[in-house]
Amino acid sequence: MLCDGNECIEECAIMQEQEWEVLKSIYPDVCISNNAGPFGRTIKLEIPVELSPARSVTIASSASPPSQSHATRPLTVLPPFLVALILPPNYPLCASPCITSLTCTHGWYSSSDLEMQLAGMWTHDSQGVLYAWVAFISGAEFLESRDITIIKPSPLTLLPLLESYNTHAQDTAFAETSFPCAVCLSARKGRDCIRLGCTHIFCHSCLSDFWGSCIREGDIGRVGCPDPACVKTGHEAGEEDIARVVEEEEVKRWKWLREKRVLERDPGMVHCPITSCQTAVPSPEEEDESGWARLRTCPRCEYVFCASCRRTWHGPIVECMTESFVMEYMGLAEGDGRRVEIERRWGKKNVERLVLKYEEERKNREWISRSCMECPGCGVQVEKSAGCNHMTCIKCKQHFCYLCGEKLSASEPYKHFNTIGKNCFEKLFDSNRWSVQ
């Protein structure tokens, strides 16, 4: 089509204005400026390259073999192209846009190759080509459909730049998007929300109140994603998520509670025998069946002692003053030569103290045996004060029967009490534990 004087120029001006308004409505973040100039309208565009689905980018060096290439993690967006162009007065009916500058942020793609592809998209019967250009670049249509390979002299320099831009773009998009909070049931902008490692999203205030309450109460097993799917699997939050949600003092308490829980679950954990210390001392990381397995060093006061007899470390060969040793002593009559020899070797007061301790522990064991049931999951002793016989261990969350100690299914815990033939049949509220022994 040939332009016919001022009427054609006026028609082109109207079409340019309409095209710009449409482009701004669809890609508001792409349109940077549109100014009148002596040779036509000067337009600047910033067009990011979106990858859907996410793809990794392989960066190879022109001077190295392909085996030494480097691949990014899956990316959803690549750094933008900065396009500066002039729309002639007779565009789009008689002339194409004139690209004055086409640069790629971080130089990850050859601008000259892309400019040639853009130039070939305008035709004389075109009603405007700007939208097609933006869609072509932002949709990554100029890249390979599957594997993206970039040849650069310094791959290790470009790789972190691409990943950093991708992370920044994702964070910006997240901050401006609205998400429904499953706790308060209200829609909040991403800037007011937290996306956990499991990808579930909640508003910051709800999560902060919930986790803070759990930490203050000491129930760190519930400090995790509130989504039902994650609650069912027992998924707990990591330190990175915790630090983003709660205050520093609560983070410190959460760490302390977590260490305390680990020690409590350690079957070989003992407390430092020094009365003024009493620090929990974990079992050795490497199992050892020799006498050295009894060696413990308190991390607080550095007292070195034997885990079996709680006395100063006496070496791996020397016998401990164990329970059988005390029972042997107690079985000897007053004035017996063997009894006198033991008192002389270990000290009479020390032996009397061990005898007293043995008697106290024996009575404690008898009381625990009468009043408590051992959790079949972790071995902790559980005493029931009231309620039914379906128990849930506060330490390991194991469901079990208080009457017989059998493990119960978490999904159907009461089936155990409704099964004919079981010793606990119809004894959900039976208080006589010995009736099923």
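See the structure shown above.
In every chain, residue numbers begin from 1 and rise along the written sequence. Local features in this predicted model are restricted to residues whose pLDDT is 70 or higher, and side-chain atom pairs enter the listing and the counts only when it is 80 or higher, whereas totals over whole chains, interfaces and linings include all residues. Values shown for side chains rest on all heavy atoms present in the structure; no hydrogens or waters enter the calculation.

(A) Quick look at the pattern of salt bridges. Any carboxyl oxygen of Asp or Glu within 4 Å of a side-chain nitrogen of Lys or Arg constitutes a salt bridge here. Scanning all chains against the criterion turns up 14 salt bridges. Between lysine 255 and glutamate 239 there is a salt bridge, with the nearest N and O atoms lying 2.9 Å from each other. Pair noted here: lysine 255 is in helix H8 (residues 248–264) and glutamate 239 is in helix H7 (residues 239–245), with a separation of 16 residues, a long-range link. With a 1.4 Å probe rolled over the protein chains alone, any residue whose accessible area is under 20% of its type maximum counts as buried; one over 50% counts as exposed, and the rest are partly exposed. Judged by its relative accessible area of 31%, lysine 255 falls in the partly exposed class. We note a salt bridge from glutamate 406 to lysine 422, for which the minimum N-O separation is 3.1 Å. Of this pair, glutamate 406 sits in the segment after strand S19 (399–401) while lysine 422 sits in the segment after S19; the two residues are 16 residues apart in sequence, bridging distant segments of the chain. Note on glutamate 406: relative accessible area 33%, which makes it partly exposed. The partly exposed category is assigned to lysine 422, whose relative accessible area is 32%. Several salt bridges converge on common partners, so that one network encompasses Glu239, Lys255 and Arg258. A run of H or I in DSSP counts as a helix once it spans at least four residues, and a run of E counts as a strand once it spans at least two, with each numbered from the N terminus.

(B) Layout of the sheet that holds strand S4 (residues 70–71). Here a strand pair is declared whenever DSSP counts at least two bridges between the two strands. Within the open sheet, the three strands sit side by side as S4-S3-S7. Their pairing is mixed. What marks the edges here is a single partner per strand, and that holds for S4 and strand S7 (148–151). Pairing between strand S3 (residues 57–60) and S4: two bridges, direction antiparallel. By the bridge assignment, isoleucine 59 is partnered in S4 with histidine 70.

(C) Quick look at the packing of aromatic side chains. Here a Phe, Tyr or Trp ring, Trp counted by its six-membered ring, pairs with any other such ring whose centre lies within 6.5 Å, and the pair is stacked when the planes are under 30 degrees apart, edge-to-face when over 60, and tilted otherwise. Throughout the structure, instances matching the rule amount to eleven aromatic pairs. By way of ring pairs, the aromatic residues Phe81, Trp108, Tyr109, Phe136 and Phe142 are connected into one cluster. Only when the NZ atom of a Lys or the CZ atom of an Arg is both within 6 Å of the ring centre and within 35 degrees of the ring normal do we say a charge sits over the ring. The ring of tyrosine 329 carries arginine 339 above its face, with NZ or CZ at 4.2 Å from the centroid.

(D) Main features of unusual backbone geometry. Between serine 52 and the following residue, proline 53, the backbone shows a cis peptide bond with an omega angle of 5°. Turning to its location among the elements, proline 53 is positioned in strand S2 (residues 40–55). Of note, the amide linkage connecting tyrosine 91 to proline 92 takes the cis form, showing an omega dihedral of 10°. Non-glycine residue glutamate 426 carries a positive phi angle of around 60°.

(E) Region of interest: the nonpolar core. By nonpolar core we mean a set of buried residues, namely Ala, Val, Leu, Ile, Met, Phe, Trp, Tyr and Cys, connected to one another through side-chain atoms within 4.5 Å. In this structure, Leu45, Val49, Phe81, Trp108, Phe142 and Leu143 are the most contacted members of the largest nonpolar core, which totals 42 residues. Counting residues in each nonpolar core, the second largest holds 26 residues, with Cys181, Trp211, Val223 and Cys225 among its members.

(F) How the structure looks around a negative patch on the surface. By definition, no residue in a patch forms a salt bridge, and every one has over 30% relative accessible area; like charges are joined within 9 Å, nonpolar side chains (Val, Leu, Ile, Met, Phe, Trp, Tyr) within 5 Å. Method for areas: the Shrake-Rupley scheme with a 1.4 Å probe, in which residue coverage is limited to the protein chains shown. The convention is simple: Lys and Arg are positive, Asp and Glu are negative, and His and the chain ends are not counted. Every charge is mapped onto a representative atom, which is NZ of Lys, CZ of Arg, CG of Asp or CD of Glu. A grouping of Glu285, Glu286, Glu287, Asp288 and Glu289 is seen on the molecular surface, where their side chains present a negatively charged patch. Counting through the fold element by element, aspartate 288 comes out in the loop between strand S13 (280–281) and strand S14 (295–297).

(G) Quick peek at helix H2 (residues 111–119). Taken together, the buried positions of H2 are Ser111, Leu114 and Leu118. One face of H2 carries all of its buried residues, which in axial projection span an arc of 65°. Across from the buried face of H2, at angles greater than 90 degrees, the exposed residues are Met116 and Ala119. Contacts were defined at the residue level, with two residues in contact if any of their heavy atoms lie within 4.5 Å. Lining the buried residues of H2 we find strand S5 (75–87), strand S6 (98–104) and helix H3 (130–138). Directions drawn from the helix axis to the C-beta atoms are what define this arc.

(H) Structural view of the sheet that holds strand S1 (residues 31–37). With antiparallel pairing, four strands are arranged side by side in an open sheet as S1-S2-S5-S6. Edge strands, defined here as strands with exactly one partner in the open sheet, are S1 and S6. Taking each pair of neighbouring strands and ignoring which way they run, the sheet shows an average axis angle of 20°. Inspection of the sheet shows S1 paired to S2 by six bridges, in the antiparallel sense. Bridge pairing in S2 places alanine 36 opposite arginine 41. Packed on one face of the sheet, H3 meets S2, S5 and S6 and runs near 30° to S2. Note on geometry: axes are C-alpha line fits, over the in-contact stretch for helices, and angles between N-to-C directions span 0 to 180 degrees. Contacts from helix H4 (residues 155–176) reach S2 and S5, with the element oriented near 90° to S5.

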